Amino acid sequence: MLRLDLSYLQDFIDEEAIDAMEPLLASSRLTLYNRTGAGSEYTGWLDLPVNYDREEFARIKQAAAKVKENSDVFIVCGIGGSYLGARAVIEALSDPFASLRPAGSREYPLILFAGHQLSGSYLSRLLSSLSDCRVSVNMISKSGTTTEPAIAFRIIEEWMRQRYGLDGARERIFATTDKNRGALKELADNRGYQTFIVPDDIGGRYSVLSAVGLLPIAVAGISIDDLMAGAAQARERYTDIRLGENDSDMYALIRNILQKRGFTTEILVTYEPGLQYFSEWWKQLFGESEGKDGRGIYPASANFTTDLHSLGQYIQQGRRFLMETVIQVETAKEDLIIQESEDNLDGLNYLTGKSMGEVNQMALYGTAVAHVDGGVPVQLLHVSELSAFAMGELLYFFERSCAVSGYLNAVNPFNQPGVEQYKSNMYALLGKPGYEKERVALQERLYRKDNDQ
Ligand code: PA5
């Protein structure tokens with residue numbers, strides 16, 4: 001069970017500050033649950049852990065079983081909310097070295113990602129390394145028109161059709177998109193691909209517990225029943241309106257009090273490398289939900305103790321605008337005991353008999369105290385172990401906190417208007433029909449810039 005530990009915040013936050021902001025928190029929570037706030041048409045994720053399409057859930061399991069039978073590799077093609085949630089869960093719970101084992105000895109297909117950037121080199125290397133593998137693909141895009149995955153899919157689809165023929169490709173390509181609209185929906189229907197749905201009332205970065213996340217996660221051999229059960233338990237728990245009993249509300253409140261005190265960047269800290277993509281998912285969730293109208297806490301991440309040897313100096317003694325939220329995994333899935341050395345040349349015999357997990361925990365506590373002493377407020381979020389159930393809890397905890405926090409900041413936590421600007425410039429520069437005027441204006445600016453240099 002998740003538990004928020006605020007004991008490191010004594011120097012930064014007092015009861016009065018919490019009491020003063022509680023009424024605003026209560027009204028933000030009501031706005032969310034009564035669905036009266038900006039973007040409320042995208043709050044379907046709130047009840048998703050209990051209110052999901054059972055028939056589709058069964059189809060997801062069937063598709064995953066089929067991919068397990070006929071594929072060594074499953075390519076997930078999507079960007080932003082259409083891949084980060086799945087990647088977060090898969091990388092947290094899977095063997096990071098599975099690709100080193102021969103395909104035949106792996107229990108589940110390897111999950112590889114494409115369409116999350118525009119690198120031709122990446123995609124070309126990915127495809128050329130698949131010559132000995134049996135491949136299936138999941139193209140995921142709610143809008144169906146996002147450039148990065150659309151380009152990658154055009155290339156991957158052609159590769160699949162060359163390799164398996166039209167009928168064979170049809171057996172191996174799955175599309176997850178809007179129920180009725182969009183280019184991907186039309187393409188998938190036209191080609192006869194099996195489709196899964198991104199519900200109308202759920203936006204990309206809140207969609208991990210829909211087919212968007214569930215199909216890749218199930219293909220990776222992770223229990224989607226447990227994942228949903230963890231999220232369902234969190235959903236139930238965080239309906240409690242008593243602040244002392246509701247860590248999701250408390251987390252939203254604390255980070256906003258700290259923001260008002262000048263802590264404008266929040267670092268999500270993890271001590272397990274497998275959680276790196278959880279941090280990426282979290283950054284998108286909070287970055288796109290809160291960063292608008294000149295507001296929002298900047299979401300950053302760090303992987304300790306690795307980054308203590310790169311970012312640690314800055315965090316300890318640099319400019320003071322940083323706060324930390326540390327995910328503490330109490331029990332490691334696997335661990336190693338440090339053995340005694342006869343000559344003790346490395347001086348580590350004082351650690352004999354301790355596990356690496358214990359050392360990691362002491363690093364966590366030591367760092368938390370050091371950072372607090374250096375003026376960095378630290379909250380700890382305890383997770384008992386990394387399991388599908390716990391990942392479900394974590395995902396729901398942060399989705400809910402993010403929505404409440406967005407309303408506390410008086411923004412619409414469910415849109416992302418700012419993302420359009422780069423797209424429209426890119427379309428104009430690439431000569432997309434309809435962007436002729438923008439193209440001329442941009443070329444003028446770029447030309448002037450070149451001349452200025
Ligand atoms: O949260 C969001 O809505 C976005 O980040 C999208 O997930 C991302 O832009 C991908 O969009 P789509 O699924 O339409 O391709």
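Described below are features of the structure shown in this document.

Let's shift gears to the overall build of the protein. Across its full length, the protein holds 15 helices and ten strands. For 453 residues, the compact-globule formula gives about 22 Å, and the C-alpha radius of gyration of the protein, at 23 Å, lands near that figure. Across its three principal axes, the protein shows a C-alpha extent of roughly 60 × 60 × 55 Å. For the protein, the share of sequence-separated contacts (at least 6 apart) that also reach a separation of at least 24 residues comes to 78%. A total of about 21,100 Å² of accessible surface is found on the protein, and carbon and sulfur atoms cover 51% of it. Of the side chains in the protein, 45 bear a positive and 61 a negative charge, and the two mean positions are spaced by 8 Å.

Next up on the list: unusual backbone geometry. Cis geometry is adopted by the peptide bond preceding Thr 305, which originates at Phe 304 and carries an omega value of 5 degrees. If you trace the backbone, Thr 305 turns up in the loop between β8 (298–303) and α11 (312–317). Even without glycine at this site, Asn 344 takes up a positive phi of about 50 degrees. You will see that Ala 410, though not glycine, has its phi angle at about 60 degrees, which is positive. Along the chain, Ala 410 falls in the loop between α13 (388–408) and α14 (420–430).

Let us now look at helix α5 (residues 147–172). The first and last C-alpha atoms of α5 sit only 22 Å apart over 26 residues, clearly below the 38 Å expected at 1.5 Å per residue. Along its length, α5 reaches its greatest deviation from straightness, about 115 degrees, at Gly 165.

What follows is about the pattern of salt bridges. Any two side chains of opposite charge can pair, on the condition that their charged atoms come close. Applying the stated criterion across every chain yields a total of 25 salt bridges. We note a salt bridge from Arg 87 to Glu 91, for which the minimum N-O separation is 2.9 Å. Pair noted here: Arg 87 and Glu 91 are both in helix α3 (residues 84–93), with a separation of four residues, about one helical turn. Residue Arg 87 is classed as buried on the basis of its relative accessible area, which comes to 13%. Here Arg 181 ties to Asp 200 by a salt bridge, and the two come within 3.9 Å at their closest N and O atoms. Of this pair, Arg 181 sits in the loop between β5 (173–177) and α6 (183–191) while Asp 200 sits in the loop between β6 (194–197) and α7 (211–219), placing them 19 residues apart in sequence. By relative accessible area, which is 52% here, Arg 181 ends up exposed. Under the relative-accessibility criterion, Asp 200 is labelled partly exposed at 36%.

Moving on, we come to the sheet that holds strand β9 (residues 322–331). To summarise the sheet geometry, strands pair through backbone hydrogen bonds and adopt either a parallel or an antiparallel arrangement. Strand order across the open sheet formed by five strands is β1-β10-β9-β7-β8, with mixed pairing between neighbours. Two strands close off the open sheet at either side, each with one partner strand: β1 (3–5) and β8. Averaged over all neighbouring strand pairs, the angle between strand axes comes to 25 degrees, with direction disregarded. The sheet contact formed by strand β7 (residues 265–270) and β9 spans six bridges and is parallel. What sits directly across from Glu 266, in β9, is Met 323. Packed onto the sheet, helix α10 (residues 276–290) meets β7, β8 and β9 and runs at close to 175 degrees relative to β8. Packed onto the sheet, helix α12 (residues 356–373) meets β9 and β10 (378–385) and runs at close to 160 degrees relative to β9.

What follows is about the sheet that holds strand β2 (residues 73–77). Sheet architecture is open: five strands sit in the order β3-β2-β4-β5-β6, paired in parallel fashion. At either margin of the open sheet sits one strand with a lone partner, and together these are β3 (110–114) and β6. When the angles between neighbouring strand axes are averaged without regard to direction, this sheet yields 20 degrees. The strands touched by helix α4 (residues 120–128) within the sheet are β2 and β3, with β3 carrying the most contacts at an inclination of about 150 degrees.

Note that Ser 82 resides in the loop between β2 and α3. Apart from residues lying up to four places away in sequence, Ser 82 is in contact with Ile 140, Ser 141, Lys 142 and Val 212.

Let's shift gears to the nonpolar core. Counting 109 residues, the largest nonpolar core has Trp 45, Ile 217, Phe 278, Trp 281, Met 391 and Phe 398 as its most contacted members. Per-element tally for this core: the top contributor is α13, with 13 residues. Phe 278 has contacts with Ala 88, Leu 268, Ile 327, Met 391, Leu 394, Leu 395 and Phe 398, leaving out every residue within four places of it along the chain. By size, the runner-up hydrophobic cluster in this structure holds 25 residues, among which are Cys 77, Ala 98, Val 135 and Met 139.

Looking now at the site of the ligand. What surrounds the ligand is a group of 13 residues, the closest being Ser 82, Ser 141, Ser 143, Thr 146 and Gln 284. Interatomic distance of 3.3 Å between a backbone N/O atom of Gly 204 and an oxygen atom of the ligand. When atom positions are compared with the pocket grids, the ligand is found to occupy the second largest pocket. A class-by-class count of the residues in the shell around the ligand yields one nonpolar, nine polar and three charged.

Rules used in this analysis
Counting restarts for each chain: residues are numbered from 1 in the order of the written sequence. With pLDDT at 70 or above as the cut-off, local features in this predicted model cover only qualifying residues; side-chain atom pairs require 80 or more to be listed or tallied, and sums for whole chains, interfaces and linings still use all residues. To get the side-chain values, all heavy atoms of the structure are used, and hydrogens and water are removed first. Secondary structure counts use DSSP, requiring at least four H or I residues in a row for a helix and at least two E residues in a row for a strand, with both numbered from the N terminus. As a reference, a globule follows 2.2 Å times the number of residues to the power 0.38, and the radius of gyration itself is taken over C-alpha atoms. In what follows, residue pairs with any heavy atoms lying within 4.5 Å of each other are defined as contacts. The Shrake-Rupley method, run with a 1.4 Å probe sphere, supplies the accessible areas, and residue values consider only the shown protein chains as cover. When charges are counted, Lys and Arg are positive and Asp and Glu negative, with His and the chain ends excluded. Here the site of a charge means NZ on Lys, CZ on Arg, CG on Asp, or CD on Glu. Helix span, as expected, comes to 1.5 Å for every residue beyond the first. Throughout, bend refers to the angle between the axes fitted to the seven residues that end at a position and the seven residues that start at it. By salt bridge we mean one thing: a side-chain nitrogen of Lys or Arg within 4 Å of a carboxyl oxygen of Asp or Glu. Burial classification: accessible surface area is computed with a 1.4 Å probe over protein chains only, and a residue below 20% of its type maximum counts as buried, one above 50% as exposed, and the rest as partly exposed. DSSP bridges decide pairing: two strands pair if at least two such bridges lie between them. Helix axes are fitted only over the stretch in contact, all axes being lines through C-alpha atoms; the angle between N-to-C directions runs from 0 to 180 degrees. Each nonpolar core is a collection of buried residues, namely Ala, Val, Leu, Ile, Met, Phe, Trp, Tyr and Cys, held together in the definition by side-chain atoms within 4.5 Å. Nearness is judged by heavy atoms alone; a residue qualifies as near a molecule or strand once a single heavy atom is within 4 Å of it. Here a polar contact means two N or O atoms within 3.5 Å. Within protein one must be a hydrogen donor candidate and the other an acceptor candidate, and residues neighboring in sequence count only if both atoms are side-chain atoms. Put plainly, a pocket is an open set of points on a 1 Å grid over the protein atoms alone with protein on both sides within 12 Å along at least five of seven lines, a cavity is a set where a 1.4 Å probe fits but cannot get out, and a lining residue has an atom within 4 Å of a point. The rule for placing a molecule in a cavity or pocket is simple: more than half of its atoms must lie within 2 Å of the grid points. Three classes are used, and their members are as follows: Ala, Val, Leu, Ile, Met, Phe, Trp, Tyr, Cys and Pro are nonpolar, Asp, Glu, Lys and Arg are charged, and the others, Gly among them, are polar.

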